[in-house]
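Listed below, chain by chain, are the residues.
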Amino acid sequence: MANWSVRKILIVATILSIILGGVAGLGAGTLAPQLASTSPQTREIFLFPVELPFNDTVAGIPHYVFNPGMIVVNKGDTVLIHFYQPTDEGHSFTIVAPYSKDVTLPVATATNIPKTDITFVAGTAGFFVYHCKFHPPTMTGTLQVVG
């Protein structure tokens, strides 16, 4: 049997702990979504157009984006989107089938920030793009329905 120095034992122990920790983390990350409750819930989302600080005329593209740009829900969840429009331009929330919503909000004023609620049940799993029909290609987002 070979004589191992304390240094070699520590190096091997460290490497093994890194490998085992990585495997444990991978296993936990893989199993966690399966162990999470999948009973349908109401998911409340607050959605805003955000104006980025650049000259859209010079850049040749709109300076608006959606915040958040990604919405993740489970299949069967009721999705309640509170869509606010605090900017000086009109915006839409448009998503195609199977959710088929097309809502337009007018320009905000000093005394009024337009808002509407959009509700649907996320019955089809997959990725679905939502966008503002007035500000392509920058004002887009993705709805991910897991399940």
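Model, not experiment: these values are computed from the prediction.

## Digging into the pairing of strand β9 (residues 140-146)
Here β9 shows a buried face lined by G141, L143 and V145 and an unburied face lined by T140, T142, Q144 and V146. As paired strands, strand β3 (residues 70-74) and β9 are joined by 5 bridges and run parallel to one another. Residue pairing in the sheet places M70 in a bridge with T142 of β9. Summarising the sheet, strand β8 (residues 126-131) and β9 pair through 6 bridges and their orientation is antiparallel. Residue pairing across strands places H131 opposite T140, the latter belonging to β9.

## Let's talk about a nonpolar patch on the surface
The grouping of M70, V72, F127 and V146 at the surface amounts to a nonpolar patch, some 370 Å² of accessible area in total. With respect to the helices and strands, the residue V146 is situated in strand β9. With relative accessibility at 37%, the residue V146 sits in the partly exposed group.

## Focus on the environment of T116
Checked against the element boundaries, T116 lands in strand β7 (residues 115-121). Those residues within four positions of T116 in sequence are excluded, and the remaining contacts are I81, H82, F83, V103 and L105.

## Observations regarding the sheet that holds strand β5 (residues 91-95)
Spatially, 5 strands are ordered β3-β9-β8-β5-β6 in an open sheet, and the strand pairing comes out mixed. Of all the strands in the sheet, just β3 and β6 (101-105) have a single pairing partner and so form its edges. Pairwise comparison of adjacent strand axes, ignoring direction, gives a mean angle of 15° for this sheet.

## Focus: the packing of aromatic side chains
As enumerated under the stated definition, the model contains 7 aromatic pairs in all. Seen from their ring centres, F66 and Y130 are 5.3 Å apart, and the 65° between their planes marks the pair as edge-to-face. Taken together, the positions of F66 in strand β2 (residues 64-67) and Y130 in strand β8 put the pair 64 residues apart, joining distant regions of the chain. Exposure class is identical for F66 and Y130. Each is buried. Taken together, a centroid distance of 5.3 Å and an interplanar angle of 35° make the contact between F93 and Y130 tilted.

How each quantity is defined
- Residues numbered from 1 in each chain as written.
- Predicted model: local features only at pLDDT ≥ 70, side-chain atom pairs only at ≥ 80, totals over all residues.
- Heavy atoms only, no water.
- Buried < 20%, exposed > 50% of the residue type's maximum accessible area, 1.4 Å probe, protein only.
- Helix = DSSP H or I, 4+ residues; strand = E, 2+ residues; numbered from the N terminus.
- Pairing = 2+ DSSP bridges.
- Patch = residues over 30% accessible without salt bridge, like charges linked within 9 Å, V, L, I, M, F, W, Y side chains within 5 Å.
- Areas by Shrake-Rupley, 256 points an atom, 1.4 Å probe, with all protein chains shown as cover.
- Salt bridge = Lys/Arg side-chain N within 4 Å of Asp/Glu carboxyl O.
- Contact = heavy atoms within 4.5 Å.
- Axes fitted to C-alpha atoms, helices over the stretch in contact; angles between N-to-C directions.
- Phe/Tyr/Trp six-rings, centres within 6.5 Å; stacked < 30°, edge-to-face > 60°.

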